[in-house]
Amino acid sequence: MAGSNEINANEAKKVVPLHTWILISNFKLAYNMLRRPDGTFNRELAEFLDRKVLANTVPVDGVYSFDVVDRATSLLNRIYRCAPRESESGRQLGAGIIELEKPLSSTEIVPVIIFFHGGSFTHSSANSAIYDTFCRRLAGLVHGVVVSVNYRRSPEHRFPSAYEDGWETLKWVHSRSWLLSGKDSKVHVYLAGDSSGGNIAHHVAHRAAVSGVEVLGNILLHPLFGGEERTESERKLDGKYFVKLQDRDWYWRAFLPEGETRDHPACNIFGPRGSSLEGLNFPKSLVVVAGLDLVQDWQLSYVEGLQRSGQDVKLLFLKKATIGFYFLPNNEHFYTLMEEMKNFIKSGVC
Amino acid sequence: MKRNHSHPQKHIITYSTPSPGAATSSVTGGDVTEKGKNMWDEEDAGVDELLAMLGYKVKSADMVDVAQKIEHLEGVLGNDDGLSQIASDSVHYNPSDLNSWLESMICELNPSPEPPMIDDSFMNATLPDSELQAIAGNAIYPPLKKLKPNCSSSSSSASASASSSYNPNPNNQNQVVLVDSQENGIRLVHTLMACAEAVQQENFQLAESLVKQAGLLAVSQAGAMRKVATCFAEALARRIYRLSPQTPQDPPAFSDLLQMHFYETCPYLKFAHFTANQAILEAFAGKKKVHVIDFGMKQGMQWPALMQALALRPGGPPTFRLTGIGPPSGDNTDHLQEVGWKLAQLAETIHVKFEFRGFIAGSLADLEPAMFDLRTDEVLAVNSVFELHQLLARPGAIEKVLSAVKEMKPEILTVVEQEANHNGLNFLERFTESLHYYSTLFDSLESSGTGSGGLDGGGISPVTNQDKFMSEVYLGKQICNVVACEGTDRVERHETLTQWNNRLDSAGFEAVHLGSNAFKQASMLLALFAGGDGYRVEEDNGCLMLGWHTRPLITTSAWKIQ
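Residues numbered from 1 in each chain as written. Chains lettered and ligands numbered in written order. Predicted model: local features only at pLDDT ≥ 70, side-chain atom pairs only at ≥ 80, totals over all residues. Heavy atoms only, no water.

(A) Quick look at the overall build of chain B. In terms of regular secondary structure, chain B is built from 19 helices and 11 strands. In chain B, buried positions account for 58% of the 562 residues. Accessible surface, chain B as shown: approximately 22000 Å² in total, 54% of it carbon and sulfur. (Helix = DSSP H or I, 4+ residues; strand = E, 2+ residues; numbered from the N terminus. Buried < 20%, exposed > 50% of the residue type's maximum accessible area, 1.4 Å probe, protein only. Areas by Shrake-Rupley, 256 points an atom, 1.4 Å probe, with all protein chains shown as cover.)

What follows is the structure, given as structure tokens:
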């Protein structure tokens, strides 16, 4: 039951800085306009409102980016790389020339993180400003490469489109000679994502594990999971911190096949229709849960599910964090997250 | 992390073929320095940096005001799906400017002229990281505009309250490059670049041998890469051998023909016409007598659609006067009159009172306002599609033309230009910029007419091979001009939105924002256009851009006198 808007606005205001409140509330306001009660989505207005940024081969804060389009599928990925220190390459980058022939390194391991942006499967793109900024930071943080996937979104493209796009990207990344690194000369791949992106990362990792494709680690930032049952966190936090339960329901209806329930295995990983991960070579996971996110009970169940399956998982529980805390570097949770992600990747790299 | 906005920027798209193990690919770009006045520094003092990084322009001093507006709107929209629908269906402008966007929504949705409750809780709450700037006094809502029945009231409120610090992304230097997985593709790009560099250094012997190599490599390529490379190699050869005239002067009839094929092949011109017409229609709303001056009449392809829209106007069409300007035809035929005649026939069938006049001018700078028989009871729109950049070839010309336009007191000036800087002082820079730009254009051509848009029958009209070929010739001539010509011969002096904004601002114009309705209809138009689902419409500071994937290629903007 959503409380009155006035009370809830006051709640959220007390726990996030002004900038964050404005940013997330603005999204909430816009998104309310875009979702229609009949399940359709005002895609043109969404694209109009979304703030996008260009890629940039001129390094900013040591990271440059460029877009790659797969001719066959029209799928776009945005690649973020750390600018090399050598002056020759630096000069070339300044002139906009990127060498995509040589491996990242033949001696050191350079992590390649495939990132799936959030947006409840419906909103945002790889070139959305919030995600471009985040990926840029991530690349710099781990001194690696980030591949941000512009996956197909619902309701136009339902399950399993996003998962398939993720899977294709994983295979593509593994086959790039210019993403190789280390003495073992392979692509050191991690998967990461926030919200729906976290959900996609899980499913791609699952498929990878089943198919024998290597993924070194998963980072799930308040991933989107759910189920038919209403959990305590959903009841308690409904409408309190930017998100209403009915909105969550709308997005699941838009993503899952028509007529499906939230116990569909895409949504309810370890639920009645889920499959076990026991015995699978599933990557180690870092699962970040925001304590003020109404989805947290599902995320905690996910962590428990992984543990029960004998998989390696670390939980980072940020008690006072709301969704989207990582978009702006203006709160302690942001810095905690950065540190944890860095260590998580680093520990796989040594 | 601070994003330095005066930092040069290069945007690149590369393409990959689906075959696994496609190992080698390279991209090239050119160095870009933003020359000229940088509006960002001057007029964005006080813009909140954190939000700016995420694409929003909010003055630090307005932060609390913005928060209160959001809260107010949440209250209004929160429990009422009907209002949400109204908000969704109304026209939105310039979403980067949060303050005015929110304000216009409040105006749309607030049925009574009473000021809303002002919630001061932000002022009093202690936030964990207090980012409140010192704000003198209480944040007060600006006086509410009465809700007008016509929702286009939001356009006047948006442009009135939108800060005059019009600030498009100043780093809008975009580049796209084709990537070929074949080894020759990379070598080809490198050879072209090396050749351009040799030309810049006036090492013509080296340049000559490189251009020959490039020609040979180009032949072994396929698709768009081959065509682009061939065009650029040819242009380089012309420059090296100083073939004069560098580009043969085509009779206007032929240029028009080429452009018509380009019009059929890909949506750029259609988008240009469509979005400019949207702005003109809005400017003409409620007016009984209207006059359009078209700086580049050509075959008049823009005007039937506008005339039809005017004919369908509730309340009936205005009297429509069209003045078309064109270059001398060289063969003594007055093709302008022919075009005018055809439009007159159309006007008759749709019952629009129509008047046409053609002007032949070697340059727009030759025109004087007095020539146009401007009538005081008429509303004027001036329309320029790919015309203004040509004026940059002669010093003083653009200033003269803009000043003349100002004198004519138009209700609106619509400008469509290529979104690229092909006018830099440095030859190598221009070369690489244009290599990126035209590579993208050719790539989009390549996929047009293939029907991947999903509609049977090729959408609006099927694209023939001849259309495609002529479009390539059309673009090839532009490439030749950018690369091989100098001085007054080099007329393809494309500049970016940022640069045009500076020029127009200096000349005394301010932006009229194109809104979400134009955006939506342009998007739908593209969806109809078969072939290439890579086309994207983007909104940038009130202007609309059409691009291929993430690279904007042309920009439509609208202006009025400050």
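Picking up after the structure, the text goes on.
(B) A look at unusual backbone geometry. Residue A:Pro155 is bonded to the preceding A:Ser154 through a cis peptide linkage, with omega at 0°. Inspection of the secondary structure assignment puts A:Pro155 in the loop between β5 (145–149) and α6 (161–174). A cis amide bond links A:Phe159 to the next residue, A:Pro160, at an omega of 0°. With respect to the secondary-structure elements, A:Pro160 resides in the loop between β5 and α6. The backbone of B:Glu202 sits at a positive phi, close to 60°, despite the residue not being glycine. Relative to the elements of secondary structure, B:Glu202 occurs in the loop between α8 (183–200) and α9 (204–219). Under the relative-accessibility criterion, B:Glu202 is labelled exposed at 60%. Residues other than glycine seldom take positive phi values, yet B:Asn541 does so here, at roughly 50°. Looking at the secondary structure, you find B:Asn541 in the loop between β9 (535–540) and β10 (543–548). Residue classification places B:Asn541 among the buried residues on the basis of a relative accessible area of 7%.

(C) Inspection of helix α13 (residues 303–311) of chain B at higher detail. Every buried residue belonging to α13(B) is among B:Trp303, B:Leu306, B:Met307 and B:Leu310, and all of these are buried. Projected onto a plane normal to the axis of α13(B), the buried residues spread over an arc of 100° and lie on a single side. (Arc of directions from axis to C-beta.)

(D) Local environment of the packing of helix α11 (residues 252–265) of chain B against helix α17 (residues 465–484) of chain B. Residues and elements named next belong to chain B. The geometry of α11 relative to α17 is characterised by a closest axis approach of 8 Å and an angle of 120° between their N-to-C directions. Relative to α17, the element α11 is oriented oblique. Crossing hand, α11 versus α17: left-handed. Where α11 approaches α17, its residues Phe254, Leu257, Leu258, Gln259, His261, Phe262, Glu264 and Thr265 are matched on the opposing element by Gln466, Asp467, Lys468, Met470, Ser471, Val473, Tyr474, Leu475 and Lys477. Considering only residue class, the contact of α11 with α17 consists of eight nonpolar, five polar and four charged. (Axes fitted to C-alpha atoms, helices over the stretch in contact; angles between N-to-C directions. Parallel < 35°, antiparallel > 145°, perpendicular 65-115°, else oblique. Left-handed = near helix turned anticlockwise from the far one by under 90°. Contact = heavy atoms within 4.5 Å. Nonpolar A, V, L, I, M, F, W, Y, C, P; charged D, E, K, R; others polar.)

(E) Layout of the pattern of salt bridges. Summed over all chains, the structure comprises 39 salt bridges over all chains. A:Asp165 serves as the salt-bridge partner of A:Arg152, at 2.8 Å between the closest nitrogen and oxygen. Here A:Asp165 lies in helix α6 and A:Arg152 lies in the loop between β5 and α6, a separation of 13 residues in the sequence. The exposure class of A:Arg152 is partly exposed, given its relative accessible area of 32%. When its relative accessible area of 4% is taken as the criterion, A:Asp165 is described as buried. A salt bridge links B:Glu355 to B:Arg375, with the nearest nitrogen and oxygen atoms 2.9 Å apart. On the criterion of sequence distance, the pair formed by B:Glu355 in strand β5 (residues 354–360) and B:Arg375 in the loop between β5 and β6 (379–385) is long-range, its members being 20 residues apart. (Salt bridge = Lys/Arg side-chain N within 4 Å of Asp/Glu carboxyl O.)

(F) Main features of the confidence of the model for chain B. All names here are of chain B. Summarising the model, chain B shows a mean pLDDT of 79, and 74% of its residues fall at 70 or more. Taken as a whole, residues 1–7 scores under 50 in pLDDT and shows 22 contacts with residues more than four places along the chain or in a different chain. Taken as a whole, residues 451–460 scores under 50 in pLDDT and shows 14 contacts with residues more than four places along the chain or in a different chain. With a pTM of 0.86, the predicted complex shows an ipTM of 0.92. (pLDDT = per-residue confidence, 0-100.)

(G) Structural detail: the pairing of strand β3 (residues 289–294) of chain B. All names here are of chain B. Among the six residues that make up β3, five are buried, leaving the element largely enclosed by the rest of the structure. As defined by bridge partners, β3 adjoins strand β4 (residues 319–326) across six bridges and the pair is classed as parallel. Paired with Lys289 across the two strands is Thr319, which belongs to β4. Handedness of the crossover is the feature at issue here: the chain leaves β3, passes through α13, returns alongside β4, and the resulting connection is right-handed. Here β3 pairs with β6 via five bridges, running parallel. Pairing of Ile293 across the sheet is with Val382, part of β6. (Pairing = 2+ DSSP bridges. Right-handed = clockwise from strand over helix to strand, strands pointing away.)

(H) Molecular detail of the side chain of A:His333. All names here are of chain A. For His333, the location among the structural elements is in helix α11 (residues 332–349). Since its relative accessible area comes to 12%, His333 is described here as buried. Discounting residues that sit within four places of it in the chain, His333 has contacts with Leu318, Lys320, Ala321 and Phe325.

(I) Just the packing of aromatic side chains, in detail. All names here are of chain A. In total, this model carries 32 aromatic pairs over all chains according to the counting rule given. A centroid spacing of 6.1 Å and a plane angle of 45° characterise the contact between Phe115 and Tyr131, whose relative ring orientation is tilted. Taken as a pair, Phe115 in strand β4 (residues 111–116) and Tyr131 in helix α5 (residues 129–142) lie far apart in primary sequence, 16 residues in all. In terms of burial, Phe115 and Tyr131 fall into one category: buried. (Phe/Tyr/Trp six-rings, centres within 6.5 Å; stacked < 30°, edge-to-face > 60°.)

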